[in-house]
Amino acid sequence: MKAKTVQFPDGTTVPAIGQGTWYMGERNSDLRAEVQALQQGLDAGMTLIDTAEMYADGGAERVVGEAIAGRRDAAFLVSKVYPHHAGGAKAIAACEQSLKRLKTECIDLYLLHWRGSIPLHDTVAAMETLQASGKIRRWGVSNLDTDDMQALWKIPGGQACMTNQVLYHAAARGIEFDLRPWCEEHSVPVMAYCPLAQAGKLRHDVLTSAVMQAIARARGVSSSQVALAWVTRTGNVIAIPKAVQPQHVKDNAAALTLSLTEDEIAQIDAAFPAPNHKTPLDMV
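Read on for an overview of the structure. (Residues numbered from 1 in each chain as written. Predicted model: local features only at pLDDT ≥ 70, side-chain atom pairs only at ≥ 80, totals over all residues. Heavy atoms only, no water.)

Comments concerning the sheet that holds strand β8 (residues 190–193)
Neighbouring strands of a sheet are bound in pairs by backbone hydrogen bonds; such pairs are parallel or else antiparallel.
Move 1: If you walk across this open sheet you meet the seven strands as β3-β4-β5-β6-β7-β8-β9, and the pairing is parallel. Strands with a single pairing partner mark the edges of an open sheet, and in this sheet they are β3 (48–50) and β9 (237–239). Neighbour-to-neighbour, the strand axes of the sheet open up by a mean angle of 25 degrees, direction not taken into account.
Move 2: Two strands pair when backbone bridges link them, and strand β7 (residues 164–167) and β8 are joined in this way by four bridges, in the parallel orientation. Residue Gln-165 lies in a different strand from β8, and its bridge partner there is Met-191. (Pairing = 2+ DSSP bridges. Helix = DSSP H or I, 4+ residues; strand = E, 2+ residues; numbered from the N terminus. Axes fitted to C-alpha atoms, helices over the stretch in contact; angles between N-to-C directions.)

Regarding the nonpolar core
Move 1: In this structure, Tyr-110, Met-149, Leu-152 and Ile-268 are the most contacted members of the largest nonpolar core, which totals 77 residues.
Move 2: Among the elements that line this core, the one with the most residues is helix α9 (residues 223–231), at six residues.
Move 3: Sequence-distant contacts of Ile-268, that is, excluding residues within four places in its chain, are made with Ala-170, Val-211, Met-212, Ile-215, Val-226, Trp-230 and Leu-260.
Move 4: Formed by 17 residues, the second largest nonpolar core is a distinct cluster that contains Phe-8, Val-14, Leu-111 and Leu-167. (Core = buried A, V, L, I, M, F, W, Y, C linked by side-chain atoms within 4.5 Å. Buried < 20%, exposed > 50% of the residue type's maximum accessible area, 1.4 Å probe, protein only. Contact = heavy atoms within 4.5 Å.)

Things to note about helix α11 (residues 262–271)
Each α-helix winds once per 3.6 residues, and so residues spaced three or four apart point in a common direction.
Move 1: Taken together, the buried positions of α11 are occupied by Glu-264, Ile-265 and Ile-268. For α11, the arc enclosing every buried residue in end-on projection is 100 degrees, short of the 170-degree limit, so these residues lie on one face. Exposed side chains of α11 directed beyond 90 degrees from the buried face belong to Glu-262, Asp-263 and Ala-270.
Move 2: Buried residues in α11 make contact with α8 (210–219) and α9. (Arc of directions from axis to C-beta.)

Overview of unusual backbone geometry
What is expected of a backbone is that most residues other than glycine have negative phi and most peptide bonds are trans.
Move 1: At Lys-103, a position not held by glycine, the phi torsion is positive, near 55 degrees.
Move 2: Mapped onto the secondary structure, Lys-103 falls in the loop between α3 (88–102) and β5 (109–112).
Move 3: Of note in the backbone geometry, Ser-187 takes a positive phi value of approximately 55 degrees without being a glycine.
Move 4: Structurally, Ser-187 is set in the loop between α6 (179–185) and β8.

Thoughts on the pattern of salt bridges
Move 1: Applying the stated criterion across every chain yields a total of 17 salt bridges.
Move 2: Here the salt bridges do not stand alone but share partners, grouping Arg-173, Glu-176, Arg-233 and Asp-269 into one network. (Salt bridge = Lys/Arg side-chain N within 4 Å of Asp/Glu carboxyl O.)

Comments concerning the side chain of Asp-251
Move 1: Along the chain, Asp-251 falls in helix α10 (residues 246–254).
Move 2: Buried Asp-251, no salt bridge; nearest opposite-charge side chain is Lys-250, N-O distance 7.0 Å. (Lys, Arg positive; Asp, Glu negative; His and termini not counted.)

What follows is the structure, given as structure tokens:
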């Protein structure tokens, strides 16, 4: 079966499952395993790697830099800027520091990590400056709710936003009420962080639920693969699970070719129903 992909508004296509790096770069003793995990993921087709200046105070970006050394063209790099850096000279300086840690000249997709006190129009202007200078190829946002996206769309240049990265998994479906429909209407893919609920740490019943395990057994796959297949079922969501153990990386990559049946999706929907009203945007 062909690997699932998602297309950004500018026509760029990326795999529907990439690699997250939250909690990487925190201990030097883990560096080798983390670098090898990212390289294994690249080899397996998970070419999108997501990181941020916030993660381990830049440590995760350094891990990514090591992982892509000598193979930069094989990776689609995503990084994120702190809200308090997301405007003017601070944004330029923050991006340059990320580039230095990543050991590259350009970031493929640069995101506002969450909305802070700096006005969105200042962030858009900074992103345009970074694009014009060749430091970033595209930009987007993270942790913005529907009203934030509507505000962004009213700003000149705001509609150049390529994605909105938010928390999304089977037990956290609040975005389905209005945010994901808004993104679909405006052709903005969602990038799902914590698609496995942090291996169940956020919600213990996601991967161990009877329905996830029953589908996994019937399909001869892991429950995490089922969970990733569910998150990426619509064709416009990119999941970015973090993995270090070789088997976990292998499982995540295998989910690129796993599609659930309508009946399997209905079973998961029944076990983890979507809210029928507006809920606060989930963030961790």
